[in-house]
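# An overview of the molecular structure
Here is how the chains run, residue by residue.
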Amino acid sequence: MKRIFFFFFLFSICFLNAQTKVDGIVVDRSGEPVAFANILFENSTEGTITDDNGRFYLESESTYKTLLVSFIGYENKSINLSSKVTYGMQITLQEATEQLNEVVLISGKQSKKNNPAVDILRKIWAKKRENGVRKFKQYAFDKYEKIEFDLNTIDSALMKRKIFKGLEFVFQDLDTSRITGKTYLPIFLNETFSKVNGDNLLKEEKEEVLGVKNSGFDNNQAILAFVSDLYQDYDIYENYLKFFDKSFTSPLSKTGIDTYNYALRDSAFIDNKWCYNIVYYPRRKNELTFKGDFWVNDSTYAIKNINLEVTKSANLNWVKELYIEQDFQVMNDSVFLLKRDYLLSDFSFRKKEKSKGIYGKRTTVYDRYTFDKEKPKDFYKADKNPYDLQYTIKDDAFWAENRLESLNKDETGIYKLLDTLKTVPKFKTYYNLVSILASGYVEIDKWNLDLGSIYSVVGFNNAEGPRVRLGARTYFGQNDPWRIEGYTAYGFKDSKFKYGISGKFLLDKNSRLILSGGNRRDIEQLGGSLTATNDVLGRSVASSSLVTVGANNRLTNINLSALNIEIEPLTNFRIGLGSTFRTLSSALPQDFSLDYVSPESPTGIASEIRQFDVNGLLIYTPGKKTIGNGVERVNVNDNYSTLLVSYTKGIEGFLDSDFSYDKLQFSYSQPWQIGGFGRLFSTLEVGKTFGDVPLGLLSVVPGNQTVFSNYGTFHNLDFYEFVTDTYLSLHLQHNFNGRLFSRIPWLRKLNLREIVGLRGVWGNLSDSNIALNAPASIITPLQAPSDNIYYEYSFGIGNIFKIFRIDFNFRGNYLDNPNARPFGVTGTFGFSF
């Protein structure tokens with residue numbers, strides 16, 4: 001969601017000189033587009049390939065007089081260029097009347113056998129571990145990266161729109177992209193300089209960020225986090241390349257011969273190295289693939305240069321173009337090292353040729369390589385925060401020394417432009433609006449407060465009826481060492497006010513020693529998850545969902561106080577120790593009971609639970625990246641695993657606490673990238689409660705009576721349908737990213753994505769706990785899935801209109817339970833690439 005609002009922002013606020021520019025379309029005699037035709041300037045190695053719709057754009061800093069167009073099965077065509085800029089060309093190819101020369105002939109659906117390009121590809125696979133930094137025991141190099149965003153396809157109609165009234169000065173200097181031929185206006189630039197060290201024996205690598213500079217957003221770490229997650233590093237020799245949370249098959253992959261057509265097009269000396277030029281393009285449409293070409297050395301079989309362009313039919317949202325260039329330098333006559341990496345992405349709401357969009361451009365330059373200088377193993381321990389702006393914001397003298405590629409006049413002008421824009425009131429208004437939509441909070445600068453979240457203002461449940469909520473938090477800056485947050489809510493049915501308040505204090509920045517605490521009095525749908533941390537303001541969506549399946553009446557009055565301390569002795573390894581005191585009672589006693597046997601009660605039955613607990617927590621999130629050094633940090637990525645171990649001790653008698661018990665819980669969550677077959681999410685949870693406790697303290701298998709697909713819940717279970725003191729749960733959800741639908745002709749163009757899920761849980765409830773909760777079972781029968789593992793499976797269709805997903809959920813067993821739902825439909829919406 002934040003990504004899309006970021007692009008909205010770039011839309012709202014909204015110089016390379018070439019000698020020869022051409023664009024147009026290639027068609028056959030019947031007027032049908034010719035996809036993947038070769039376009040080449042005569043007597044050069046500069047060329048491109050037409051896209052799925054036969055269109056092309058080619059630009060060079062040199063002057064050329066002739067354009068060559070060719071494709072298998074058609075006669076070659078030579079076109080004289082009468083001017084340096086030739087746009088709107090329509091080139092018609094004639095079917096070949098004679099067989100092509102045997103050396104260059106490879107049939108349309110290219111053969112995997114007797115294909116010289118495939119033979120070369122196999123040699124690349126055999127040699128890839130001997131190329132680049134992998135040849136050495138240790139390596140180090142400097143890395144300079146600049147990321148730029150530009151508003152593109154600018155025309156007079158856009159400039160005259162009311163949204164830009166008062167901002168006309170931003171259009172004074174425009175130029176044309178050498179990749180797409182579109183006009184663009186640079187509006188954001190971020191620079192990073194790093195030192196990278198690696199050890200191939202230890203299989204360790206560490207990147208130390210030494211400097212960061214960006215245009216106008218030094219304090220907005222949410223933008224920096226977005227940029228860092230959007231453009232992650234990749235290796236073209238790997239089988240799959242990850243962009244925008246999707247895995248694309250690399251043209252150098254061992255599975256490439258099943259995915260791409262390859263053709264040997266040319267050979268030439270490049271930097272005194274004889275190289276072969278191989279063209280590739282996909283065998284099928286609508287898959288996550290590229291088209292382009294690469295030059296490979298004839299002896300080392302190392303890549304000298306490669307171009308990759310995502311095909312327009314690829315199942316990718318909001319990205320109209322994705323273009324990559326990599327250049328390698330030769331060292332010691334045989335070692336090819338990455339020198340420059342250029343990536344351009346054209347973000348747009350539509351993929352039509354003339355639709356307006358945002359360019360995202362990343363240029364990375366590598367230099368000052370050194371090898372075989374060993375570092376101790378402890379050196380590779382990750383830093384607490386590699387993007388700590390307190391240490392990485394550098395002055396102009398630093399950048400003058402460490403920029404490995406100078407800024408051109410356009411890039412230099414971005415800093416000046418943004419400095420000017422920040423003084424324009426209209427720009428500030430746009431910026432604030434998008435910030436509200438992205439964060440959910442309204443900033444009140446003069447009070448150092450944020451009001452929100454705007455997304456939880458309105459709700460509904462059976463106990464409160466319609467509900468309104470207003471909240472606020474302190475906010476002095478991205479790196480606040482403390483933060484206080486609170487809210488108040490009112491239910492129109494029960495006519496009662498609720499509230500919550502919490503505070504977090506960073507006592508030591510280096511060890512991430514944090515003290516937190518608070519109090520909340522509210523109505524809650526407990527049992528939303530099996531393993532939950534002690535977030536005093538945490539509240540499940542089911543507690544006030546506007547639309548539910550069945551009666552949402554198993555609600556609990558909760559008065560929760562918590563005090564916690566946590567520390568991060570090692571990067572991404574947190575240790576927490578805390579205590580809570582809870583008072584629980586049913587919010588609708590006529591529909592839902594928390595009663596239990598109590599010899600101390602005059603009636604022998606108690607309806608309220610008073611409980612004091614202490615809790616120890618271990619959380620390990622390997623691979624997690626964050627930005628910020630305040631009490632609350634911003635996550636950079638989402639592809640990390642989470643291991644959680646929790647121990648809870650209930651202490652009877654302290655503060656009149658009712659029960660003594662022990663609870664041990666473990667969970668492990670992991671996203672898995674399954675090559676070109678999509679992404680799998682898995683979560684394993686195990687827990688056991690030692691001792692006898694009432695329903696309010698048992699482990700409830702999380703049901704879902706909302707209409708939303710909530711990962712981690714069981715969509716066809718009602719709240720409290722299964723209750724356990726011992727459980728084992730597994731959730732699996734796999735998104736194929738359209739790989740299956742892309743093979744069905746009548747579905748292919750819809751770019752739908754298929755999602756399958758499997759969920760299962762086994763649990764047990766001891767006889768003593770059943771006896772203790774006998775009064776509650778009169779209204780709420782207690783049952784555990786102990787006879788058989790309860791399971792559900794689901795089939796989903798995602799990417800409907802690019803934002804909707806529908807899941808069809810099936811209940812596998814326990815169909816004889818009262819009001820059991822054998823089938824249900826849930827859905828969700830959101831923005832994803």
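Residues numbered from 1 in each chain as written. Predicted model: local features only at pLDDT ≥ 70, side-chain atom pairs only at ≥ 80, totals over all residues. Heavy atoms only, no water.

Right, let's talk about the overall build of the protein chain for a bit. Tallying secondary structure elements over the protein chain gives 12 helices and 44 strands in all. Relative to its 833 residues, the protein chain shows a buried fraction of 54%. Accessible area for the protein chain stands at about 37,300 Å²; split by element, carbon and sulfur atoms hold 55% of it. (Helix = DSSP H or I, 4+ residues; strand = E, 2+ residues; numbered from the N terminus. Buried < 20%, exposed > 50% of the residue type's maximum accessible area, 1.4 Å probe, protein only. Areas by Shrake-Rupley, 256 points an atom, 1.4 Å probe, with all protein chains shown as cover.)

Once the charged atoms of two side chains with opposite charge are near each other, the side chains can pair. On inspection of all chains with the given rule, the structure shows 33 salt bridges. The salt bridge involving Arg-265 is made with Asp-293; its shortest N-O contact spans 3.7 Å. Placement of Arg-265 in strand β14 (residues 260-270) and of Asp-293 in strand β16 (residues 290-297) is noted, with a sequence separation of 28 residues between them. Close ionic contact of Arg-574 with Glu-566 constitutes a salt bridge, the shortest N to O distance being 3.4 Å. (Salt bridge = Lys/Arg side-chain N within 4 Å of Asp/Glu carboxyl O.)

The next subject is the sheet that holds strand β7 (residues 85-92). Taken together, the 3 strands give an open sheet; going across it, the order is β4-β1-β7, and neighbouring strands pair in mixed fashion. In the strand order of this sheet, the two ends are held by β4 (55-60) and β7, each with one partner. The sheet shows a mean angle of 20° between the axes of neighbouring strands, direction not considered. In this sheet, β7 lies alongside strand β1 (residues 20-27) in parallel orientation, the contact comprising 6 bridges. Each residue of the ladder has a partner; that of Ile-25, found in β7, is Gln-90. (Pairing = 2+ DSSP bridges. Axes fitted to C-alpha atoms, helices over the stretch in contact; angles between N-to-C directions.)

Let's shift gears to the packing of aromatic side chains. Under the criterion given, the structure shown has 36 aromatic pairs. Arranged with centres 5.2 Å apart and planes meeting at 40°, the rings of Phe-141 and Tyr-369 form a pair that is tilted. Note that Phe-141 is positioned in strand β8 (residues 138-152) and Tyr-369 in strand β20 (residues 357-371), a separation of 228 residues in sequence. Both residues of the pair, Phe-141 and Tyr-369, belong to the buried class. In textbook terms, an aromatic cluster arises when at least three aromatic residues are bridged by ring pairs, as seen for Phe-136, Tyr-139, Phe-141, Tyr-366, Tyr-369 and Phe-371. Note that Lys-375 overlies the ring of Phe-379, its terminal NZ or CZ placed 5.1 Å from the centroid. (Phe/Tyr/Trp six-rings, centres within 6.5 Å; stacked < 30°, edge-to-face > 60°. Lys NZ or Arg CZ within 6 Å of the ring centre and 35° of its normal.)

If you look at the biggest cluster of nonpolar residues, it comprises 67 residues, and the most contacted ones within it are Ile-124, Phe-243, Leu-252, Tyr-262, Phe-290, Phe-294 and Ile-303. Among the nonpolar cores identified, the runner-up in size contains 28 residues, and Ile-558, Tyr-720, Val-723 and Leu-772 belong to it. (Core = buried A, V, L, I, M, F, W, Y, C linked by side-chain atoms within 4.5 Å.)

Pairing is antiparallel in the open sheet, where 4 strands are placed in the order β3-β2-β5-β6. In the strand order of this sheet, the two ends are held by β3 (47-49) and β6 (77-80), each with one partner. On average, adjacent strands in this sheet sit at an angle of 20° to one another, irrespective of strand direction. In the sheet, strand β2 (residues 38-41) pairs with strand β5 (residues 66-70) via 4 bridges, with the strands oriented antiparallel.

The next subject is unusual backbone geometry. The general pattern is negative phi for most residues beyond glycine and trans for most peptide bonds. Of the consecutive residues Gly-452 and Ser-453, the connecting peptide bond is found in the cis state with omega at 5°. If you trace the backbone, Ser-453 turns up in the loop between β22 (449-452) and β23 (458-461). Despite not being glycine, Leu-655 has its phi angle at roughly 55°, a positive value. For Leu-655, a relative accessible area of 45% puts it in the partly exposed group. The backbone of Asp-656 sits at a positive phi, close to 60°, despite the residue not being glycine. Note that Asp-656 resides in the loop between β35 (642-650) and β36 (661-673).

With 84% of its residues at a pLDDT of at least 70, the protein chain reaches an overall mean of 83. Within the model, the stretch residues 7-18 combines pLDDT values under 50 with 50 contacts to residues more than four positions away or in other chains. Confidence drops under pLDDT 50 across residues 98-108; counting only partners more than four residues distant or on other chains, this segment forms 16 contacts. (pLDDT = per-residue confidence, 0-100. Contact = heavy atoms within 4.5 Å.)

Attention shifts here to the pairing of β4. Within β4, 5 of the 6 residues are buried, which leaves the element mostly enclosed by the surrounding structure. Sheet analysis places β1 next to β4, joined by 6 bridges and oriented antiparallel. The residue of β4 that forms the bridge with Thr-20 is Ser-60.

The end-to-end C-alpha distance of helix α2 (residues 116-127) is 17 Å, a good match for the 16 Å that 12 residues give at a rise of 1.5 Å each. The complete set of buried residues in α2 reads Ala-117, Val-118, Ile-120, Leu-121, Ile-124 and Trp-125. End-on view of α2: buried residues confined to an arc of 155°, all on one side of the axis. Where α2 is buried, its residues meet α5 (256-259), β14, β15 (273-282), β16 and β17 (303-310). (Expected span 1.5 Å × (residues − 1). Arc of directions from axis to C-beta.)

The next subject is a nonpolar patch on the surface. Residues Phe-476, Trp-482, Ile-484, Tyr-499, Ile-501, Phe-505, Leu-507, Leu-515, Leu-563, Ile-565 and Leu-577 make up a contiguous nonpolar surface patch of roughly 970 Å² in combined accessible area. Taken together, the elements giving at least two residues each to the nonpolar patch come down to β25 (482-491), β26 (496-508) and β28 (556-570). Per-element accounting of the nonpolar patch gives the leading share, 4 residues, to β26. Here Ile-484 lies in strand β25. We classify Ile-484 as partly exposed; its relative accessible area is 34%. (Patch = residues over 30% accessible without salt bridge, like charges linked within 9 Å, V, L, I, M, F, W, Y side chains within 5 Å.)

Summarising the sheet, strand β37 (residues 679-690) and strand β40 (residues 726-735) pair through 10 bridges and their orientation is antiparallel. Bridge pairing in β40 links Phe-681 to Gln-733. Strand direction decides the pairing type here: β40 and strand β41 (residues 753-764), joined by 10 bridges, are antiparallel. Its bridge partner being in β41, His-734 is matched across the sheet by Val-756.

The next subject is the side chain of Thr-556. By the element assignment, Thr-556 lies in strand β28. For Thr-556, the residues in contact, after removing those within four places along its chain, are Asp-522, Ile-523, Glu-524, Leu-526, Leu-584, Ser-585, Ala-587, Phe-592, Leu-594 and Tyr-720.

A few words now on the side chain of Asn-317. By the element assignment, Asn-317 lies in the loop between β17 and β18 (319-331). Among the polar contacts made by the side chain of Asn-317, one reaches the side chain of Asn-799 at a distance of 2.3 Å. Ignoring anything within four residues of it in the chain, the contact list for Asn-317 reads Arg-753, Asn-799, Lys-802, Ser-832 and Phe-833. (Polar contact = N/O pair within 3.5 Å; in protein donor to acceptor, adjacent residues only side chain to side chain.)

Next up on the list: the environment of Phe-347. Locating Phe-347 in the fold gives a position in strand β19 (residues 335-347). Sequence separation between Phe-347 and Tyr-359 is 12 residues, and the spatial gap between their C-alpha atoms is 6.1 Å.

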